[in-house]
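Given next are the chains, with one letter for each unit.
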Number of protein chains: 2
Amino acid sequence: MREYLKNNLILQRLTDKQFENVLTRAKQISLADGDVLFQQGDEFRRFYLVVSGHMKLFRLAPDGNEKVIELVDAGHTFAEALMFLEQPRYPVGAIALGETDLISIDARHFQELLKSSVDLCMALLGDMSIRLRSLIREIDDLSLHSATCRVAAFILARAPDCRDDFELDIPKHVIASRISVKPETFSRIIKSLKSKNILEIKGSKVHLLDREALEEAADVCALPVDAS
Amino acid sequence: MREYLKNNLILQRLTDKQFENVLTRAKQISLADGDVLFQQGDEFRRFYLVVSGHMKLFRLAPDGNEKVIELVDAGHTFAEALMFLEQPRYPVGAIALGETDLISIDARHFQELLKSSVDLCMALLGDMSIRLRSLIREIDDLSLHSATCRVAAFILARAPDCRDDFELDIPKHVIASRISVKPETFSRIIKSLKSKNILEIKGSKVHLLDREALEEAADVCALPVDAS
DNA sequence: AAAGCGCTTTGACCCAGGTCAATTGTTATA
DNA sequence: TATAACAATTGACCTGGGTCAAAGCGCTTT
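**Digging into the side chain of glutamine 18 of chain A**
Residue position: glutamine 18 of chain A is located in helix 2 (residues 16-25). From its side chain, glutamine 18 of chain A meets the backbone nitrogen of threonine 15 of chain A in a polar contact 2.8 Å long.

**Details of the state of the cysteines**
Applying the stated criterion to the full structure yields zero disulfides over all chains. Looking at the unpaired cysteine 121 of chain A, the closest cysteine sulfur is the one in cysteine 121 of chain B, lying at 4.3 Å. Residue class for cysteine 121 of chain A comes out buried when judged on its relative accessible area of 0%.

**Concerning the confidence of the model for chain A**
Residue-level pLDDT values for chain A average 89, and 95% of them are 70 or greater. Note on residues 221-228 of chain A: pLDDT is under 50 here. Beyond four places in sequence and across chains, it has 23 contacts.

**Things to note about the pattern of salt bridges**
Residues and elements named next belong to chain A. For the structure shown, the criterion picks out 31 salt bridges over all chains. The shortest N-O distance in the salt bridge between arginine 25 and aspartate 106 comes to 3.7 Å. Residue arginine 25 is found in helix 2, and its partner aspartate 106 is found in strand 6 (residues 93-106); the two are separated by 81 residues along the sequence. The class of arginine 25 is partly exposed, set by a relative accessible area of 44%. Of the residues examined, aspartate 106 reaches a relative accessible area of 16% and is grouped as buried.

**Section: the interface of chain B and chain A**
Taken together, the contacts link 47 residues of chain B with 47 residues of chain A. Summed over both partners, the interface of chain B with chain A comes to about 4200 Å²; 80% of that surface belongs to carbon and sulfur atoms. A per-residue breakdown of the area chain B buries against chain A is headed by Arg59, Leu125 and Ile139 of chain B, which together make up 15% of the total. At the junction of chain B and chain A, the tally comes to two salt bridges. Between aspartate 140 of chain B and arginine 59 of chain A there is a salt bridge whose closest N-O contact spans 2.3 Å. Of all the secondary-structure elements, those providing two or more residues to the side of chain B that touches chain A are strand 3 (46-60), strand 4 (66-72), helix 3 (107-115) and helix 4 (118-144) of chain B.

**Quick look at the sheet that holds strand 7 (residues 165-167) of chain B**
Residues and elements named next belong to chain B. One open sheet holds the three strands; their spatial order is 7-9-8, and the pairing between them is antiparallel. Each edge of the open sheet is held by one strand with a lone partner, namely strand 7 and strand 8 (199-202). Shown here is a sheet whose adjacent strand axes are inclined to one another by a mean of 20°, direction ignored. In the sheet, strand 7 pairs with strand 9 (residues 205-208) via three bridges, with the strands oriented antiparallel. When the bridges of strand 9 are listed, glutamate 167 appears paired with lysine 205.

**Notes on the relation of the copies chain B and chain A**
Each copy of the sequence occupies a distinct position, and chain B is placed on chain A by a rotation of 180° and an axial shift of 0.0 Å, giving an RMSD of 0.1 Å. This pairing of chains is accounted for by a two-fold axis. A shared binding surface is used by both copies, with 100% of the interface residues of chain B retained as interface residues in chain A.

**So, unusual backbone geometry**
With a phi angle near 55°, asparagine 197 of chain A is a residue other than glycine that sits in the positive phi range. Residue position: asparagine 197 of chain A is located in the loop between helix 7 (183-195) and strand 8 (199-202). By relative accessible area, which is 54% here, asparagine 197 of chain A ends up exposed. A positive phi angle, near 75°, is found at alanine 79 of chain B, a position not held by glycine. One can find alanine 79 of chain B in the loop between strand 5 (77-78) and strand 6 (93-106).

**Describing the protein's contact with DNA strand C**
Surrounding DNA strand C, one finds 14 residues, the nearest of these being Lys172, His173 and Arg188 of chain A together with Ala147 and Thr185 of chain B. Within the backbone of alanine 147 of chain B, one N or O atom sits 2.7 Å away from a phosphate oxygen of DNA strand C. Ranked by residues supplied to the surface near DNA strand C, first place goes to helix 7 of chain A with four residues. Of the residues contributing to the surface near DNA strand C, the split by class is two nonpolar, five polar and seven charged.

**What to know about a negative patch on the surface**
A contiguous patch of negative charge, built from Asp210, Glu212, Glu215, Glu216 and Asp219 of chain A, is present on the exposed surface. Structurally, glutamate 216 of chain A is set in helix 8 (residues 211-219).

**So, the packing of helix 5 (residues 147-158) of chain A against helix 7 of chain A**
Residues and elements named next belong to chain A. Axis separation between helix 5 and helix 7 bottoms out at 10 Å; the angle between their running directions is 75°. In terms of orientation, helix 5 and helix 7 fall into the roughly perpendicular class. Taken together, the residues of helix 7 that come into contact with helix 5 (itself represented by Ala147, Thr148, Val151 and Ile155) are Phe186, Ile189, Ile190 and Leu193. Each residue belonging to the contact of helix 5 with helix 7 can be placed in one class, and the counts come to seven nonpolar, one polar and no charged.

Reading guide: rules and limits
Residues numbered from 1 in each chain as written. Chains lettered and ligands numbered in written order. Predicted model: local features only at pLDDT ≥ 70, side-chain atom pairs only at ≥ 80, totals over all residues. Heavy atoms only, no water. Helix = DSSP H or I, 4+ residues; strand = E, 2+ residues; numbered from the N terminus. Polar contact = N/O pair within 3.5 Å; in protein donor to acceptor, adjacent residues only side chain to side chain. Disulfide = S-S within 2.5 Å. Buried < 20%, exposed > 50% of the residue type's maximum accessible area, 1.4 Å probe, protein only. pLDDT = per-residue confidence, 0-100. Contact = heavy atoms within 4.5 Å. Salt bridge = Lys/Arg side-chain N within 4 Å of Asp/Glu carboxyl O. Buried area = accessible area lost by both parts, 1.4 Å probe. Pairing = 2+ DSSP bridges. Axes fitted to C-alpha atoms, helices over the stretch in contact; angles between N-to-C directions. Least-squares fit on C-alpha atoms with pLDDT ≥ 70 in both. Near = heavy atom within 4 Å. Nonpolar A, V, L, I, M, F, W, Y, C, P; charged D, E, K, R; others polar. Patch = residues over 30% accessible without salt bridge, like charges linked within 9 Å, V, L, I, M, F, W, Y side chains within 5 Å. Areas by Shrake-Rupley, 256 points an atom, 1.4 Å probe, with all protein chains shown as cover. Lys, Arg positive; Asp, Glu negative; His and termini not counted. Charge placed at Lys NZ, Arg CZ, Asp CG, Glu CD. Parallel < 35°, antiparallel > 145°, perpendicular 65-115°, else oblique.

Below you can see the structure in the form of structure tokens.
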């Protein structure tokens, strides 16, 4: 646990003493697939670091529809931005995708620490502004780009740099929701990409046939990198 | 100028000495309607406070389509989140809507100040987490709600608490883009709301006929307040 | 190996909202 | 007061992607 915490970009800014201090109040949590960590609207008291597995953060519409806002992978924290709100409640629900280990950190306690370290504040600020930017990108994506673009971009983002074969370790319907598309549509887009000899997906195995074409499909509507 | 700065929720956390310090490097800027402050992709050096008027922040798709990300009203700052990125460029473009006065603040300089005040950091952190939340809401809106809902919600958000008549001081096509709808569609939605005796819009004058119905139209897909 | 369950895929159909083009305000400049 | 330039509205039409329903395909369980 100690090592995991040390790897996180925010937590590693802590002095040893501060760090030990955090540890005294941190809890380890193990979740099974589908376990609910908290629900949208629950009162906020703790934030979390993903040690292994994935967490799914989502919003629920009254009609029961859900939209995945973020998939949090190992090494990342989530919900810490709520520390600075008046009487915060979680704006999303969180459930585990597969076996997932977390460390939970007491918010109030951590906040005290923050007050004693500008450096730590700056780290957090940096982290939040990155998140802010990626949300802007997301809005941009949703309103300016087609479903096909989003699928292509998502696959590319998950593809390791120089490998054309890899695994999608997340169920397809979750991916679909992540990029705001219905599972049926997702399936159809994949099919159409296959018919163009761009990629193949069997089960969870992805095989890129024409990376360039895929990049183009994502690009058609994406913004120049230097401007985004 | 001094008073305006003092009204801003971030700036008011500064000690008098810090404040004077900021002033020495701040510039006043006056823009006419349509003036460009910066373009998407420009190098970031300063952030801004709106003193009067409105700024439009938008993203551009390669096909020339634009999507308004945010409308910044008087009293609010924008682009300050970029201070914490590595070699930041503006992720959006900014142009003035109508005559607009701004104060521009040197980022590097302000950052030095931040390092000397945890309190100020906390204020910024709070501000950013609010922004973060509102972006999440926005994504939620885009992917879970219909255009009609968004129109209704927008109008309501602009309506003063207990008044049924007020002005839309922003051109309709800008509003349309803000809520990711084409001007034609916006116009049609308004027409349909009028035919249901919910509201009337003449020029820039809005007249609410049935506030409750409008709230319901926005609600159909909106989340319970306490959970958002 | 059969049965059951939850994904994923496929087909048929539909509709909200986009596109295009023409018309009608509305300022603003001369 | 004409006229140009742009904003807003309207109509006709089209299409991306959603919905619904029915298979197909792995899985785990017995």
